[in-house]
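Fold and geometry: a report
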Amino acid sequence: AQSVTQLGSHVSVSEGALVLLRCNYSSSVPPYLFWYVQYPNQGLQLLLKYTTGATLVKGINGFEAEFKKSETSFHLTKPSAHMSDAAEYFCAVTLYSGGGADGLTFGKGTHLIIQP
Amino acid sequence: DTGVSQDPRHKITKRGQNVTFRCDPISEHNRLYWYRQTLGQGPEFLTYFQNEAQLEKSRLLSDRFSAERPKGSFSTLEIQRTEQGDSAMYLCASSLGVLKLSGTEAFFGQGTRLTVV
């Protein structure tokens, strides 16, 4: 079964500092990987995704993530944090049960706090 | 493209009452998903539809829960005899194609927040 582990339920960085949100996955088959952002009382918005090809993926709002198969990781980074980046971030992997299942398995999320 | 819309945005109900939520997906999307998100957790998969056919249900979807997508367009999620443990955000998403085969994007609605008192 698939699982997603996000290290650190809360991450606090200063404005202008590097943002690093960690995601590790386990999957029996090569997965597709996603990062979503959620603002309070809102739905989820896709930041970026990895399907195939280049392992360094660029997304919206200056975020990027690198797929490292050997480490089963898909960490999210941003060189310089902005106050508007404060939100909940979710890493997700495609659901695969060998049957007809489709969908996403999410991590528990990381709350990003930006200090002025 | 107006995105995925969910109605209502908030629902407060008394324990034991039935509630129904609606989701309108992006018009050309053939797949529709329901997720539940409790406080401090990531969304958990409940069920999904390919057009009008319900193809998979999670073990989280007890027999008090039922979902339909009668004409392959909008979907409803009904919870009968609500319990306090049903309090959560219910999220709907839609996609064009199969996520696990193509990695296509799932677009999420803003969710319906259910509070059972």
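Quick note: structure is the one above.
Basis of the calculations
- Residues numbered from 1 in each chain as written.
- Chains lettered and ligands numbered in written order.
- Predicted model: local features only at pLDDT ≥ 70, side-chain atom pairs only at ≥ 80, totals over all residues.
- Heavy atoms only, no water.
- Helix = DSSP H or I, 4+ residues; strand = E, 2+ residues; numbered from the N terminus.
- Contact = heavy atoms within 4.5 Å.
- Buried area = accessible area lost by both parts, 1.4 Å probe.
- Nonpolar A, V, L, I, M, F, W, Y, C, P; charged D, E, K, R; others polar.

1. A word on unusual backbone geometry
A negative phi holds for most residues other than glycine; trans holds for most peptide bonds. The omega angle of the peptide bond from Asp7 of chain B to Pro8 of chain B is -5°, so this bond is cis rather than trans. Along the polypeptide, Pro8 of chain B turns up in the loop between strand E1 (5-7) and strand E2 (10-13). Of note in this structure, Thr72 of chain A is not a glycine but carries a positive phi near 45°. Within the fold, Thr72 of chain A resides in the loop between strand E7 (64-68) and strand E8 (73-78). At Asn51 of chain B, a position not held by glycine, the phi torsion is positive, near 55°. Summarising the element assignment, Asn51 of chain B is placed in the loop between strand E5 (44-50) and strand E6 (53-57).

2. Considerations on the interface of chain A and chain B
Facing 24 residues of chain A, the contacting portion of chain B comprises 28 residues. Surface buried jointly by chain A and chain B totals about 2100 Å² across both partners, of which 50% is contributed by carbon and sulfur atoms. Where the side of chain A that touches chain B is concerned, the elements lending two or more residues are strand E4 (33-38), strand E5 (44-50), strand E9 (87-94) and strand E10 (104-106) of chain A. Broken down by class, the residue content of the side of chain A that touches chain B amounts to eleven nonpolar, ten polar and three charged.

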